[in-house]
Each structure stands twice: as structure tokens, then as C-alpha cells.
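# Structural features, examined
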Amino acid sequence: MNSSVNAPATSRVLTGITTSGTPHLGNYAGAIRPAIQSSIEPGVDAFFFLADFHALIKCADPARVAQSRMEIAATWIAAGLDTDRVTFYRQSDVPEIPELCWMLTCVTAKGLMNRAHAYKASVDANGLKGVDPDDGITMGLFSYPVLMAADILMFNAHRVPVGRDQIQHLEMARDIAQRFNHLYGRGKDLFILPEVQIDEDVATLPGLDGRKMSKSYNNTIPLFEGGAKALKAAVAQIVTDSRLPGEPKDAEGSPLYTLYRAFSSHPQAADFRAALEGGLAWGDAKQALCEQIEAQIGPMRAQYADLMAHPERIEDVLQTGASKARRVALPLMDRLREAVGLRQPAVAPSAKKASGAGKADKARLASFRDENGFFRQRLFAADGVELLLSEPFEDPKLLNQLGRQLAQADLSVMPIDAQGLVSLESDGRCWARCPAAQLEQIRQALAQL
Ligand code: TRP
């Protein structure tokens, strides 16, 4: 496949789940299942993560946060997420996210945060209680949208599938990105403006009482926890009316039917509806619903239990995901540091001494280990000006070899990446990225090595 210049358009989709609860049926049908389905569409580059820094805003119970991280990770994997294909990671394993969060905090207007619905709702509630408007409101809650913007912008996501309650946060992320681009982009955007994605046809499941299934209403049906028994016990509690067996039921008005529909094909749902309207007893309907849900999630439950019994397997998947995520985050973080004036020193002071204080008369490549333990190279022009910083590599030999190969390569055929940068690559491996305008200087420097 020739990937030069007209690189295939991939769309980066990113979403996170706050790790403060145990996944229920509503989380599965409304978020996890559709996310997994969209991640296998062609042209989709999916980033899914556990928002565990966000969990600290809502939940000060360390055991709950720790347990929830495991349960949610195990749920995604057991539900069939292809962790080789997508990038699946934990927010707190990517230190560039809080670093970016601070950079964004410094350009975010306080007035913008004052308008956030969640914060305003807390202030209003305090007003009704007659206490100080900011009573019990932490800086975490106040700055919640900035951390969320960092989650999204760190990976330059194009689309962010979320529930309606998150639309304002996406608007804020765009605002913040725009402001940062304007202040620091010098005519070239550092951040892509993310689009919110609201899936209209995704199921919003009713809970036991018929209201939206939600932890805060205490009306949830567990997904895996407690096994088939807990599922059955919960389904038994779903509210029904007092119509007797044989009496026609109002299928449309019953949460049983809505739940059934979310776990069945159209013909199955139509049969169930007809049965209810034909007088199916509520007890039999509940039995049928249990079987229908069980047919889909039963097979996943064994893997869930297996993962929960082997936390090291979950950890393995998450660590691999974190390295994958950081491979994307680090090069952008370098550019951001540079843009705001926090560029890392080009060479370590001791290395500088060794190479002599004077100007080099020839371009050169300097290899070093970055603060994250990855190997990198910097290319300096003959006048000592730094021309580029390579991508981070785990293997120093591969890094050296790519640098050498690129010195011989024809740079004019290199592909352009999603951010509009030229990707200097050999054998499909990217050595470094640079703006097209710098290519000629880089070509000259490489020729002198
Ligand atoms: N705030 C989101 C929620 O409560 C979770 C979240 C955190 C998120 N960071 C994100 C969602 C980034 C999408 C993108 O649902």
C-alpha cells in the first residue's frame, strides 16, 4: 500500500469512563457495546480509557476507586474489545495528560468554568440549602472540564462519543483548544477541534423503576457482578402493572419490553411484543428477558470472572495500552513544550562539555534517553540549531538504524500525518515528524552526517 501524501483518512475516536462504580446493564448497552462496535469500523482509530483521575473528583473512597478501575477494565476486555487494535489505557498512566491539563488551565478563562452546568448545579443546591455558594465544591469539580479537554486534546481526537450531559464539556474543550491554538500555534494549529458525537439510536435503558438506569437512582441491573443469580434477582424487581396472566399488556409502556429490545433482533423483539399484547404473564416475560440478556452476556461473564481473579492480566493489557498511548502523547507534548517556551534542553550539560563548547561545523545527530526512559535523537544543523527531535523508541538500535536509513532516503515522498506533519519513515516505522517547510533544511543536514 502506498501511504504517501494521500494517507487514508482515519478518524480518531476517543472516549473515557469515570471509574467510580460497577458497570451495569445501562453502561454496557449505552456506552461499552456501541463503542466496541464502532471501534471495528474501517478507518476508525479508537482510544478508550479509564478516567481514574476524574474518579477522584467524585469519590474519596480509595477502595471503591481501585475496585472500579479493575471492574471497568475487565468489563471492556470481556465484552470483546480488541485491545491490539484500539488504544486502551488508564488516564493516570499517561503523565502527559496532567501536564497538558496544567498548560490548558493557564489559558482557560475562569468565567468559562463558572458557566459549567455541574458546577452551577452545586452552587444552586448550596443556595437552596442556605449555605456558602462554594460549600463543598473542590477545585477538582470546578476544573473538571479542563482535565476532560486535556484527555481529548492530548490525542487530537476528531470525534468524542458521549451522552448528552457531556455536550457542554465538549464545547469547552473546543473553546480551550481554539484559545491555545491562537496563543501558541503561530499560524499552525497544535490541536484539532474535537466534535461531539451523540448516538441517537443507542439504547438508553430504563432501570428497575422505569426511570433511566443510573447509579444515582439506585435502580440498576448488574452486568457481570453477582452472576446469573444477581441478574435474575434484579429482573424480578422490575416494576410491572397489576394486569393478570391472559390480559393484554402495554408493551411500549413497559421497561421489560425496552430492555428486551436492547438485547434482541427486530424479529425477536416483535415476537416478544406480540406475546405481551396477547396476554403473556409478567412472570414469564421476566423469565424470557433473563434468558435473552443471558444469551449475550453469559459467555462474557466467564472471562470477566477470570480477569478479576487474575489482576496481573488486566494490568498487562493496561500497561501495553499506556505505552501505545504515550507514543502518541510524547511527540505532541514535545511540540507543546516548545510552543509555550518549556523546551527540554537540547543536550544534557555534561554531553555539551564533552562535545566542546564551540559551534560544530557539521550537522550532527545526538542520541539520548528522555525522562521517560525512551531513546531519542536530535538532529542539529551545522550552526548548532536543533532541527528535529525523533519519536521515542524502546530499542536504541532500531532508532539508529532508522536515522541512518533516512539520511539516504528521498524525503520528498514521505507521507503526511493527521496533524499535517511530514512523517519521516522507513520500513513503515516513523523516525521523526516535522513541518513540511523544514524538510529542505533537514535534508541538507542529513546529507552531511
Ligand atoms: N466526563 C465523562 C463522563 O462522566 C468521562 C470522561 C472523562 C470523558 N474524560 C473524558 C469522556 C474524555 C469523553 C472524553 O461521562
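Here is a short report on the structure shown in this document. Because the structure is a prediction, the values reported are computed rather than measured.

### Section: the site of the ligand
- Around the ligand sit 14 residues, and of these His54, Tyr144, Met148, Asp151 and Gln166 come closest.
- Interatomic distance of 2.5 Å between a side-chain N/O atom of Tyr144 and a nitrogen atom of the ligand.
- The contact in question runs from a nitrogen atom of the ligand to an N or O atom on the side chain of Asp151, over 2.7 Å.
- Taking 360 Å² as the accessible area of the ligand by itself, protein coverage stands at 89%.
- Of all the secondary structure elements, the ones that give two or more residues to the shell around the ligand are strand S1 (11-18), strand S2 (44-51) and helix H7 (139-153).
- Counted by class, the shell around the ligand contains 8 nonpolar, 5 polar and 1 charged residues.

### Considerations on the pairing of strand S10 (residues 429-434)
- Sheet topology note: the strand S9 (residues 422-426)/S10 ladder contains 5 bridges and is antiparallel. Looking at S10, one finds that Ser423 is bridged to Arg433.
- In textbook terms, the turn of a hairpin is the stretch between consecutive antiparallel strands, and for S9 and S10 this stretch comprises 2 residues, one of which, Asp427, has a positive phi near 50 degrees.

### Structural notes on the packing of helix H3 (residues 62-78) against helix H12 (residues 282-309)
- H12 packs onto H3 with a crossing angle of 140 degrees between their chain directions and a minimal axis gap of 9 Å. By the angle class used here, H3 and H12 are oblique. For the pair H3 and H12, the sense of crossing is right-handed. Residue-level inspection shows Gln67, Met70, Glu71, Ala74, Thr75, Ile77 and Ala78 of H3 in contact with H12, the latter providing Met300, Gln303, Tyr304, Leu307 and Met308.
- Considered class by class, the residues forming the contact of H3 with H12 number 8 nonpolar, 3 polar and 1 charged.

### Structural notes on the sheet that holds strand S7 (residues 375-380)
- Spatially, S6-S7-S8 is the arrangement adopted by the 3 strands of the open sheet, whose pairing is antiparallel. Each of the sheet's edge strands pairs with one partner strand only, and the pair in question is strand S6 (364-369) and strand S8 (386-389). Recorded for the sheet is a direction-independent mean angle of 25 degrees between the axes of neighbouring strands.
- Packing against the sheet, helix H15 (residues 396-408) makes contact with S6 and S7, and its axis sits at approximately 25 degrees to S7.
- Strands in contact with helix H16 (residues 439-447) are S7 and S8; relative to S8, the strand with the most contacts, it is inclined by about 90 degrees.

What counts, and at which threshold
Residues numbered from 1 in each chain as written. Predicted model: local features only at pLDDT ≥ 70, side-chain atom pairs only at ≥ 80, totals over all residues. Heavy atoms only, no water. Near = heavy atom within 4 Å. Polar contact = N/O pair within 3.5 Å; in protein donor to acceptor, adjacent residues only side chain to side chain. Areas by Shrake-Rupley, 256 points an atom, 1.4 Å probe, with all protein chains shown as cover. Helix = DSSP H or I, 4+ residues; strand = E, 2+ residues; numbered from the N terminus. Nonpolar A, V, L, I, M, F, W, Y, C, P; charged D, E, K, R; others polar. Pairing = 2+ DSSP bridges. Axes fitted to C-alpha atoms, helices over the stretch in contact; angles between N-to-C directions. Parallel < 35°, antiparallel > 145°, perpendicular 65-115°, else oblique. Left-handed = near helix turned anticlockwise from the far one by under 90°. Contact = heavy atoms within 4.5 Å.

Note that every value here comes from positions in space, so none of it alone points to a role or purpose.
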